[in-house]
Amino acid sequence: MSRPEIARGARRHRDGEPVFSEQWHAQVIALVELLIADGKIEAEDWSQTLGAELDRRVTDTAMDTDAIYYSAFLSALEQILDRSRFALQAEVDRREQDWRHAYLNTPHGKPVALAD
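None of the values given here were measured: they were computed from a predicted structure.

### What about helix α3 (residues 43-57)?
Next, step 1: For α3, which comprises 15 residues, the first-to-last C-alpha distance of 21 Å matches the rise-based estimate of 21 Å (1.5 Å per residue) to within 8%.
Next, step 2: Listing the buried residues of α3 in full gives Trp 46, Thr 49, Leu 50 and Glu 53. The arc enclosing the buried residues of α3, seen along the axis, measures out at 95°, which places them on a common side. Opposite the buried face of α3, at more than 90 degrees from it, the exposed residues are Glu 44, Gln 48 and Asp 55.

See the structure below:
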C-alpha cells in the first residue's frame, strides 16, 4: 500500500464514519506532525511527553476514550511548546480566555473576533 493510500484509508473507519469526531483532533495531530517534520520538536521528546500524559490520564478504572486521548495529545503539545518557549503556557491560557470571552459575548450568527 502506498503512502497516499494509507493516508486516504486513515481518514475513515471501516464503517465509513469519520475518524475524528472533532475537527481540532485532526488539526492538533497535523500540527504535531509538521513540527516534528520541520525539526521544531523532537520525535522522542514528543513520544515520551505524550506517553507520560496518557499514563497520567488513563488508569485501570478509567475508560480509554477519544476524549482522553485527544486531551492528552493537546496537553502534551502545550507542554512541549512551553518547554521550548515557542508558546508559553501563560500566553496560551490568556489567549484561550480571550477567545472564550469573545465567543460568549458575540451575538448568535455573527463572526467571533478578538478585541484589540
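### A few points about the pattern of salt bridges
Next, step 1: With the rule as written, the count across this model stands at six salt bridges.
Next, step 2: Here Arg 57 ties to Glu 53 by a salt bridge, and the two come within 2.8 Å at their closest N and O atoms. Of this pair, Arg 57 and Glu 53 both sit in helix α3, four residues apart, which is roughly one turn of the helix.
Next, step 3: The class of Glu 53 is buried, set by a relative accessible area of 5%.
Next, step 4: Across the pair Arg 100 and Glu 96 runs a salt bridge whose closest N-O atoms are separated by 3.3 Å.

### Some details on helix α4 (residues 66-84)
Count 3.6 residues to each turn of an α-helix, and residues three or four apart come out pointing the same way.
Next, step 1: Under the 1.5 Å per step criterion, the end-to-end length of α4 is 27 Å for 19 residues, consistent within 8% with the ideal 27 Å.
Next, step 2: Considered for burial, the residues of α4 that qualify are Ile 68, Tyr 70, Ala 72, Phe 73, Ser 75, Ala 76, Leu 77, Ile 80 and Leu 81.
Next, step 3: Contacts made by the buried residues of α4 are with α2 (23-37) and α3.
Next, step 4: At the C-terminal side of α4, Arg 85 shows a positive phi close to 70°.

### Topic: the packing of aromatic side chains
Next, step 1: Using the criterion set out here, one finds four aromatic pairs in the structure.
Next, step 2: Plain terms: the ring middles of Trp 46 and Phe 73 are 4.8 Å apart, the flat faces sit at 65° to each other, and that makes the pair edge-to-face. With Trp 46 in helix α3 and Phe 73 in helix α4, this pair connects stretches of sequence that are 27 residues apart.
Next, step 3: With a relative accessible area of 9%, Trp 46 lands in the buried category.
Next, step 4: Three or more aromatic residues link up through ring pairs in this structure, and these residues are Trp 24, Trp 46, Tyr 69, Tyr 70 and Phe 73.

### Looking at the packing of α3 against α4
Next, step 1: Following both chains from N to C, one finds α3 and α4 inclined at 130°, their axes separated by 9 Å at the closest point. When the axis of α3 is compared with that of α4, the two are oblique. For the pair α3 and α4, the crossing hand works out as right-handed. Contacts between α3 and α4 pair Asp 45, Trp 46, Thr 49, Leu 50, Glu 53, Leu 54 and Arg 57 from the former with Ile 68, Tyr 69, Ser 71, Ala 72, Phe 73, Ser 75, Ala 76, Leu 77, Gln 79, Ile 80 and Arg 83 from the latter.
Next, step 2: Looking at side-chain class alone, the contact of α3 with α4 contains 10 nonpolar, four polar and four charged residues.

Rules and cut-offs
Residues numbered from 1 in each chain as written. Predicted model: local features only at pLDDT ≥ 70, side-chain atom pairs only at ≥ 80, totals over all residues. Heavy atoms only, no water. Helix = DSSP H or I, 4+ residues; strand = E, 2+ residues; numbered from the N terminus. Expected span 1.5 Å × (residues − 1). Buried < 20%, exposed > 50% of the residue type's maximum accessible area, 1.4 Å probe, protein only. Arc of directions from axis to C-beta. Salt bridge = Lys/Arg side-chain N within 4 Å of Asp/Glu carboxyl O. Contact = heavy atoms within 4.5 Å. Phe/Tyr/Trp six-rings, centres within 6.5 Å; stacked < 30°, edge-to-face > 60°. Axes fitted to C-alpha atoms, helices over the stretch in contact; angles between N-to-C directions. Parallel < 35°, antiparallel > 145°, perpendicular 65-115°, else oblique. Left-handed = near helix turned anticlockwise from the far one by under 90°. Nonpolar A, V, L, I, M, F, W, Y, C, P; charged D, E, K, R; others polar.

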